[in-house]
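# Residue-level structural notes
Spelled out, the chains give:
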Amino acid sequence: MAEKNQNQYQLPKSNAYRRSDQESLHTMEDEEAKRKKRMKWTIGIIAFVIFQVVQALFFVLVIMKFKSPKFRVAEFDIQSLTIGTQASPSFDMSFVAPIRIKNTNWGPFKYGASTVNFTYGGVQVGQAIIPKNKANFKSTKKIDVPVTLSSSALPSSSNLGSELSSGIITLNSQGEIKGKITVMFMFKKTKTSQMNCTMAINTTTKAVQSLSCK
Ligand SMILES: *[C@@H]1O[C@H](CO)[C@@H](O)[C@H](O)[C@H]1NC(C)=O
Ligand SMILES: *[C@@H]1O[C@H](CO)[C@@H](O)[C@H](O)[C@H]1NC(C)=O
Ligand SMILES: *[C@@H]1O[C@H](CO)[C@@H](O)[C@H](O)[C@H]1NC(C)=O
């Protein structure tokens, strides 16, 4: 009886002990949950920062990279060609010059009016007028301009005579366009593109035998 009493007396004590043990277990679980939550937040914030940095790098290295558009003459067919003799060298020709403005930027290139000069031995023999316009983003603007070239402006000292006897007429085309590239509707940069093409025209076939642009 005395033993039982003792047991009854001890029971609340041991219960009290168990309760405080459970409480400390609970607070430990709370700590663990808080720690996990903090960890999740930290990982989330780091991931967000990395995402922002990658996005900014992509923006700066890809989108914001302003490149000068390529300005050149593409391959073309001669419509008419008449040549003089070696004693009285001359040429007259006409063709449709395929002028190309290749814009590789992530935004349109708006350019002003310009001219492409065709020269023989440094002397202008014809011209193509380029009206102002724009080349859309990541695309090539095609401008087909009818051109007539004449040797009438050449000095008698030119080596056209000897070139004609070899069956080739070497021409150059030079030009410059200046314009503005706009990226994301607000970032603008002015760019200038040069054209410098050399073309060899075969007088027998009356065709462009070679064409290269710098
Ligand atoms: C012009 O073209 C013809 C036919 O292709 C060729 O036989 C000739 O060699 C060319 N002339 C020159 C100067 O290359
Ligand atoms: C083309 O010729 C015109 C004169 O006819 C000159 O004003 C212009 O600067 C020339 N352009 C180039 C790129 O040489
Ligand atoms: C154009 O290129 C030729 C060589 O193909 C070079 O001799 C000439 O100086 C260049 N002209 C310009 C204006 O860059």
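Residues numbered from 1 in each chain as written. Chains lettered and ligands numbered in written order. Predicted model: local features only at pLDDT ≥ 70, side-chain atom pairs only at ≥ 80, totals over all residues.

## Here's the deal with the site of ligand 2
Taken together, Thr-115, Asn-117, Gln-174, Gly-175 and Glu-176 make up all the residues around ligand 2. Every element with two or more residues in the shell around ligand 2 is listed here: strand S5 (114-120) and strand S9 (168-183). A per-element tally of the shell around ligand 2 places S9 first, with three residues. Split by residue class, the shell around ligand 2 holds no nonpolar, four polar and one charged. (Near = placed C-beta within 6 Å. Helix = DSSP H or I, 4+ residues; strand = E, 2+ residues; numbered from the N terminus. Nonpolar A, V, L, I, M, F, W, Y, C, P; charged D, E, K, R; others polar.)

## Notes on the site of ligand 1
Close contacts around ligand 1 come from Ser-166, Gly-167, Ile-168, Asn-202, Thr-204, Thr-205 and Gln-209, and that covers them all. Residues belonging to the shell around ligand 1 are distributed by class as follows: one nonpolar, six polar and no charged.

## Side note on the confidence of the model for the protein chain
Should pLDDT be low for a region, the predicted coordinates there are not to be read in detail. When pLDDT is averaged across the protein chain, the result is 89; 89% of the residues are at 70 or more. Here residues 1-8 scores under 50 on pLDDT; set against residues more than four positions off or in separate chains, the count is zero contacts. (pLDDT = per-residue confidence, 0-100. Contact = placed C-beta atoms within 7 Å.)

## Some details on the pairing of S5
Burial along S5 is one-sided: the face carrying Ser-114, Val-116, Phe-118 and Tyr-120 is buried and the face carrying Thr-115, Asn-117 and Thr-119 is not. In this structure, S5 lies alongside strand S6 (residues 123-130), joined through seven bridges in antiparallel fashion. Residue Thr-115 lies in a different strand from S6, and its bridge partner there is Ile-129. Between the antiparallel neighbours S5 and S6 lie two residues, among them Gly-121 with a positive phi of about 60°. Two strands pair when backbone bridges link them, and S5 and S9 are joined in this way by four bridges, in the antiparallel orientation. From the neighbouring strand, Asn-117 faces S9, where its bridge partner is Gln-174. (Buried ≥ 20, exposed ≤ 12 C-beta atoms within 10 Å, placed from the backbone. Pairing = 2+ DSSP bridges.)

## Let's talk about unusual backbone geometry
You will see that Met-184, though not glycine, has its phi angle at about 55°, which is positive. Considering the arrangement of structural elements, one finds Met-184 in the loop between S9 and strand S10 (187-202). The backbone phi angle of Phe-185 is positive, close to 65°, even though this residue is not glycine. Taking the C-beta count within 10 Å as the criterion, Phe-185 has 8 such neighbours and is therefore assigned exposed.

## Remarks on the UniProt feature "transmembrane region" (unreviewed entry) in the protein chain
Per the UniProt annotation, the sites labelled "transmembrane region" (unreviewed entry) are residues 41-64. A helix fraction of 96% and a strand fraction of 0% characterise residues 41-64, whose end C-alpha atoms lie 32 Å from each other. (UniProt positions renumbered as here; feature names shortened; annotations may be inferred.)

## Some thoughts on the nonpolar core
One finds Ile-99 and Ala-128 to be the most contacted residues of the largest nonpolar core, which totals 24 residues. Looking at this core, the elements with two or more residues in it are strand S1 (70-73), strand S3 (91-103), strand S4 (109-111), S5, S6, strand S8 (139-150), S9 and S10. Sort the elements by how many residues they give to this core and S3 lands first, with five residues. Dropping the residues within four chain positions of it, Ile-99 is found in contact with Val-73, Val-116, Ala-128, Ile-130, Ile-143 and Val-145. (Core = buried A, V, L, I, M, F, W, Y, C linked by C-beta atoms within 7 Å.)

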